[in-house]
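# Results of the structural survey
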Number of protein chains: 2
Amino acid sequence: MTTMRSLETDFLQYVREMMHYQEVLHLLFWDVRTGAPKKGLELRSEVIGTMSAKKFAMSISMEMNRYIHELSQTDRYEKLSPITKKVLAHAKKEYDLLIRLPAEEYTAYEVAKANASRAWEEAKQKSDYAIFLPHLEKLVAYSKRFISYWGYQGNPYNALLDQYEPGMTVDHLDEVFSKLKAKIIPLLHRIQEVEDKPATSFLYKEFPLAKQKELHHFFLQELGYDLGKGRLDETIHPFAIPLNRNDVRITTKYNENHFSAGLFATIHECGHAFYELNIADDLLGTPLCEGASAGMHESQSLLWEKMIGRSKEFWQHYYPILTSYNEDQFKGIERDQFYRAINSVSASFIRIEADELTYPLHVIMRYEIEKALFNNELEVRELSDVWNQMMQEYLGITPPDDKSGVLQDMHWSAGMFGYFPSYALGYLYAAQLRNTMRNEVKDIDNLTEKAEFTSIKQWLAENIHVYGKMKDPNQLLLDVTGEPLNPDYLISYLENKYSEIYGLKATSS
Amino acid sequence: MTTMRSLETDFLQYVREMMHYQEVLHLLFWDVRTGAPKKGLELRSEVIGTMSAKKFAMSISMEMNRYIHELSQTDRYEKLSPITKKVLAHAKKEYDLLIRLPAEEYTAYEVAKANASRAWEEAKQKSDYAIFLPHLEKLVAYSKRFISYWGYQGNPYNALLDQYEPGMTVDHLDEVFSKLKAKIIPLLHRIQEVEDKPATSFLYKEFPLAKQKELHHFFLQELGYDLGKGRLDETIHPFAIPLNRNDVRITTKYNENHFSAGLFATIHECGHAFYELNIADDLLGTPLCEGASAGMHESQSLLWEKMIGRSKEFWQHYYPILTSYNEDQFKGIERDQFYRAINSVSASFIRIEADELTYPLHVIMRYEIEKALFNNELEVRELSDVWNQMMQEYLGITPPDDKSGVLQDMHWSAGMFGYFPSYALGYLYAAQLRNTMRNEVKDIDNLTEKAEFTSIKQWLAENIHVYGKMKDPNQLLLDVTGEPLNPDYLISYLENKYSEIYGLKATSS
């Protein structure tokens, strides 16, 4: 019995140390993205390589092998705590994935990612896909080789999807995404025919950066983001990153002539941070102390950014305060005009600045590109052109340069293939969760109008956040909403909201 | 021969990986000191503990033992490159020190330091030594136990001195410091009798923080601190820290009503950074890629801050520019009045704000306290009172609170006992090096007046910086100046400068 207890304890201590490496890797990442001196980055990427290799080595060590083997034996397994069982399952899944990758290749891959990340920044700045191309080719080649080591069921791209959204497949996505497309595209066309479009030009007037910073901090305080447990920095492509459960940092991008893009980015990242900050204490120091999946994570950021942050009720309260930060900009603009402006729909180039309605089309396009890449139906060198063709096909516009096209997102530079679909799943989850929340939290519109977010935050924390990775996303969704993923919630949310904004008559659907 | 070459290469690769841990530890330190969210620091200190333990383990592993043993064999040793020989000597010295410390005790010590560091910040803020006391007692007890593990020659405190200033002893310091005291104290008394003291009150007028930040960045640019290889952040107690050879960060503290304290702190840290940024490429990835000793490091920061940054020639050029940043403050103040003000001598509480003349007394006092602590002639709980008594005895003033007294420096909270003497050695080295530099660099006063620092920087880089730790400080000083440490250079520098500022007649000495 003593040996037994101690083996479990040792395993948890071992895993805790791995999480310490993760905090280090996250700090290194955060530092590189928020202001590490440029000329030190080449030496820095060696450090990232070493630390990744150490964590990698721990995931597939003889010691880990022994823990997995011995703790999985029936008599022992049955006596483990439910958390240890889940940690063990997580460790085993990772072990099985990584044991097939040669250690040296994995280390070289980590270095290649760090280099690609820098090349991407330069390429984006110079708007020149050619600078990024050789790096991206390398990363795609690595991922293809990795898939061949892992094996896959059905479609090679499934191997990548499963890592961000456990159980998700190309077949399932093709089905869900085609339903979405079938509703969004006609709705978009109807909106494009409306003559009385929201005026938006006032949104692009100058808003001094120092005032924008103050405004962001004001909203973070209103939403209840605790600066004792986080900080806000500037970066090129905003992200949230947990260093530990009490240190979850967010980043944003200020634009003097487009304040709302940065403001909604901050609210978005704040939604991610809330998830990580509310995970149960029991899960601290384990890999379960993280969001259930990329899609579930995105549901939280989208819920705050789009469904609360761009709601009529939210600006009912905050519009007068906003205008006080930059009075000239909002002179003569009524609250409702502002609400319509920040929800105006139009085909645009940049995913993270896209409206709720066209956003899924940006994602579906990236999904189709990735699916084609990993099915050898597309070469990396064709990407810039293919991107521009698809933009024309889906949204009727062609990017003027790579910066506004194929180079806009950081994901590929970080080797994150299979991630993009999670953004659209995030919308689907968010709409379905929102529907349940509206049934369970009293007077929710009224609370939002009064800027009282406590009940909303508590509901999200208790129903979703606390569980971390203890539940898979499918299970979590089923437990909270009582049904499996159902795209109808997103579709009716979009139809209701945009019919009202654009004065459309209800359709028969 | 192949085996031989490969053993040397393997050893250097092993050492390089240790330096990667060092970069991680430095980044963790920098982050904690410049803005890591407070509530995440408790979990963070576990991470610091783990990473220190890993580096520690590498320093004393069986593998390291084997490298030291096998590479030290005469036939192999003779074929090693001079750099590898020095790296080996460094690794062996560290091995011999660390192998005697139980690994668990060392890890607990690292965690205790992280906790002490936070307690010190809180104690200083609340000006309450009692908050810091139990932490400091722990750290002193650890260091005493470590000394008992190591053994020592002559005086137990020698074991600590040697780690910052190789070869330095209590006997030697007692001799050098008594010579200094014998000259400084009479000079200070003569100055205190002068009636025409520099007016300094204008220095404490309000200088908006945003303008101060601009000013600091202006001076960094003028001095040639490359922001592609570093950054400037705010902290409580300013420091410089190398992450890697191309990423050396500095920090400062802005005070709205005392701009000069922060400005000279920035110039000081910039002097430290220059050292690390100019070490030879060959030493990259080895523990020799660092300043020769704490004292030699300090000589570089003091040379820039005090001997250049507070010189008449420097302000001959920069005074008109300075005044343009905050015109009202300097209205009616002549350049020479400014020069006298920033060099005014007075007994004061805070070491880092002390003038050149009284500064050594602050250091000598700390040296005597540490010496007494480690000779069991003083208890940690007596420190606050003893501090105040010594301030009265040496400088004729008593601190109003612990914040301005015993709690002012961060060193003890980081377990850095034996470090303070290096600050005074820094002055001694700086004055001796300055004397040689003035003989070897043409028109040096004229260059400073024209704000042309290239020749000065080049001389320092070529004669001192490039060597890193390849030479011990004694050897370096001898090679550059042609003689061993000689306190007369500092004494005559101080006598000349302050006799002129205070209009004293030359003494017979």
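Bear in mind that the values here come from a model prediction, so they are computed numbers and not experimental data.

Below, the discussion takes up the overall build of chain A. Assigned secondary structure in chain A consists of 21 helices and 3 strands. Its C-alpha atoms give chain A a radius of gyration of 23 Å, near enough to 23 Å, the size a compact globule of 509 residues would have. Dimensions of chain A, computed from C-alpha atoms along their principal axes, come out at roughly 75 × 50 × 50 Å. Pairs at least 24 residues apart make up 74% of the contacts formed inside chain A by residues separated by at least 6 positions. Summed over its atoms, the accessible surface of chain A is roughly 20,700 Å², and 48% of this surface lies on carbon and sulfur atoms. Taking the 56 positively charged and 73 negatively charged side chains of chain A as two groups, their mean positions are separated by 1 Å.

Another aspect to go through is helix H2 (residues 41–59) of chain B. Counted at 1.5 Å a residue, the expected span for H2 of chain B with its 19 residues is 27 Å, and the 26 Å between its end C-alpha atoms agrees. For H2 of chain B, the buried fraction is high: 14 of the 19 residues fall into the buried class.

With that settled, the discussion passes to the domain arrangement of chain A. Residues and elements named next belong to chain A. With domains assigned, chain A is organised as domain 1 (4–129) and domain 2 (170–502). The C-alpha-based centres of domain 1 and domain 2 are spaced at 28 Å. Contacts between domain 1 and domain 2 engage 27 residues on the former and 39 residues on the latter. Carbon and sulfur atoms supply 65% of the area that domain 1 and domain 2 bury against each other, a total of about 3,000 Å² over both sides. Taken together, the links from domain 1 to domain 2 amount to 1 salt bridge.

Right, let's talk about a negative patch on the surface for a bit. Residues and elements named next belong to chain A. On the surface, Glu137, Glu379, Glu382 and Asp385 cluster together into a negatively charged patch. Relative to the helices and strands, Glu137 is located in helix H7 (residues 129–150). Overall, Glu137 belongs to the partly exposed group, its relative accessible area being 35%.

Moving on: the sheet that holds strand E2 (residues 240–244) of chain A. All names here are of chain A. Sheet architecture is open: 3 strands sit in the order E1-E3-E2, paired in mixed fashion. If you trace the sheet from one side to the other, it starts and ends with strand E1 (232–234) and E2, each paired once. Here the strands of the sheet are splayed against their neighbours by 30° on average, with no regard to which way each runs. Contacts from helix H10 (residues 209–223) reach E1 and strand E3 (247–252) within the one sheet, and its direction differs from that of E1 by about 150°.

With that out of the way, let us pick up the relation of the copies chain A and chain B. With an RMSD of 0.0 Å, the fit of chain A onto chain B corresponds to turning through 180° and sliding 0.0 Å along the axis. Between the two chains, the operation in question is that of a two-fold axis. Closest approach to the rotation axis within chain A is made by the C-alpha atom of Val24 of chain A, at a distance of 3.6 Å. Taken together, the interface assignments show that 100% of the residues at the interface of chain A recur at the interface of chain B, consistent with an identical surface on both copies.

Taken together, the 37 residues of chain A in the interface contact 37 residues of chain B. Summed over both sides, the interface between chain A and chain B buries roughly 3,100 Å², with carbon and sulfur atoms accounting for 56% of that surface. Sorting the residues of chain A by area buried against chain B places Pro37, Lys39 and Leu43 of chain A first, and these three jointly supply 19% of that buried surface. The interface formed by chain A and chain B includes 12 salt bridges. For Asp226 of chain B, the salt bridge identified is with Lys39 of chain A, shortest N-O distance 2.6 Å. Going through the elements one at a time, helix H1 (2–34), helix H2 (41–59), E2 and E3 of chain A are the ones with two or more residues in the side of chain A that touches chain B. Broken down by element, the side of chain A that touches chain B gets its largest block of residues, 11 residues, from H1 of chain A. Among the residues forming the side of chain A that touches chain B, the class breakdown is 13 nonpolar, 9 polar and 15 charged.

Now for the packing of H10 of chain A against helix H11 (residues 259–277) of chain A. All names here are of chain A. Packing of H10 against H11 leaves a shortest axis separation of 10 Å and a crossing angle of 30°. With respect to H11, the element H10 is oriented roughly parallel. Classified by chirality, the crossing of H11 by H10 is right-handed. Packed against H10, whose contacting residues are Gln212, Leu215, His216, Phe219, Leu220 and Leu223, the element H11 presents Phe259, Gly262, Leu263, Thr266, Ile267, Cys270 and Phe274 at the interface.

All right, on to the pairing of strand E2 (residues 240–244) of chain B then. Residues and elements named next belong to chain B. For E2 and strand E3 (residues 247–252), the ladder comprises 4 bridges, and the chain directions are antiparallel. Residue pairing across strands places Ile241 opposite Arg249, the latter belonging to E3. What sits between the antiparallel neighbours E2 and E3 is a turn of 2 residues.

Once that is clear, we can look at the packing of aromatic side chains. The geometry of an aromatic ring pair comes down to the distance between the two centres and the angle between the two planes. Summed over the entire model, instances satisfying the criterion amount to 82 aromatic pairs over all chains. One cation-aromatic arrangement involves Arg351 of chain A over Tyr423 of chain A; the distance from NZ or CZ to the ring centre is 4.4 Å. Lying over the aromatic face of Trp30 of chain B, Arg249 of chain B brings its terminal NZ or CZ to 4.5 Å of the ring centre.

All names here are of chain B. Following the sequence through the fold, Glu195 ends up in the loop between helix H9 (170–193) and helix H10 (209–223). Relative accessible area serves as the criterion here: at 80%, Glu195 is assigned to the exposed category. Remark: the alpha-carbon pair of Glu195 and Tyr502, spanning 307 residues in sequence, is separated by 9.1 Å.

A pair of packed helices is captured by two measures, namely the crossing angle of their axes and the spacing between those axes. All names here are of chain B. Look at helix H11 (residues 259–277) against helix H12 (residues 294–308): their axes get within 7 Å of each other, and the N-to-C directions meet at 135°. By the angle between their directions, the pair H11 and H12 is classed as oblique. Handedness of the crossing formed by H11 with H12: right-handed. The segment H11 lies against H12, with Phe264, Ile267, His268, Gly271, His272, Phe274, Tyr275 and Glu276 engaging Met296, His297, Glu298, Gln300, Ser301, Leu302, Trp304 and Glu305. Taken together, the residues of the contact of H11 with H12 sort by class into 7 nonpolar, 6 polar and 3 charged.

The subject of this paragraph is the sheet that holds E3 of chain B. All names here are of chain B. Pairing is mixed in the open sheet, where 3 strands are placed in the order E1-E3-E2. Each edge of the open sheet carries a strand with a single partner, namely strand E1 (232–234) and E2. Each neighbouring strand pair of the sheet contributes to a mean axis angle of 30°, computed without reference to strand direction.

Now for the confidence of the model for chain A. Considering every residue of chain A, the mean pLDDT works out to 94; 98% of them sit at 70 or more. Interface confidence for the predicted complex, expressed as ipTM, amounts to 0.88; the pTM equals 0.90.

Quick look at the pattern of salt bridges now. Residue and element names in this part refer to chain A. For the structure on display, the rule yields 72 salt bridges over all chains. As a salt-bridge pair, Lys86 and Asp472 come within 3.6 Å of each other at their nearest N and O atoms. Residue Lys86 is located in helix H5 (residues 82–98), and its partner Asp472 is located in the loop between helix H19 (454–463) and helix H20 (473–481); the two are separated by 386 residues in the primary sequence. Given the relative accessible area of 22%, Lys86 is considered partly exposed. Among the ionic pairs, Asp162 bridges to Lys93, the shortest N-O distance being 3.2 Å. You can see Asp162 sitting in helix H8 (residues 158–164) and its partner Lys93 sitting in helix H5, a full 69 residues away along the chain.

Criteria and cut-off values
Residues numbered from 1 in each chain as written. Chains lettered and ligands numbered in written order. Predicted model: local features only at pLDDT ≥ 70, side-chain atom pairs only at ≥ 80, totals over all residues. Heavy atoms only, no water. Helix = DSSP H or I, 4+ residues; strand = E, 2+ residues; numbered from the N terminus. Rg over C-alpha atoms; globule rule 2.2 N^0.38 Å. Contact = heavy atoms within 4.5 Å. Areas by Shrake-Rupley, 256 points an atom, 1.4 Å probe, with all protein chains shown as cover. Lys, Arg positive; Asp, Glu negative; His and termini not counted. Charge placed at Lys NZ, Arg CZ, Asp CG, Glu CD. Expected span 1.5 Å × (residues − 1). Buried < 20%, exposed > 50% of the residue type's maximum accessible area, 1.4 Å probe, protein only. Domains from an automatic or database assignment. Buried area = accessible area lost by both parts, 1.4 Å probe. Salt bridge = Lys/Arg side-chain N within 4 Å of Asp/Glu carboxyl O. Patch = residues over 30% accessible without salt bridge, like charges linked within 9 Å, V, L, I, M, F, W, Y side chains within 5 Å. Pairing = 2+ DSSP bridges. Axes fitted to C-alpha atoms, helices over the stretch in contact; angles between N-to-C directions. Least-squares fit on C-alpha atoms with pLDDT ≥ 70 in both. Nonpolar A, V, L, I, M, F, W, Y, C, P; charged D, E, K, R; others polar. Parallel < 35°, antiparallel > 145°, perpendicular 65-115°, else oblique. Left-handed = near helix turned anticlockwise from the far one by under 90°. Phe/Tyr/Trp six-rings, centres within 6.5 Å; stacked < 30°, edge-to-face > 60°. Lys NZ or Arg CZ within 6 Å of the ring centre and 35° of its normal. pLDDT = per-residue confidence, 0-100.

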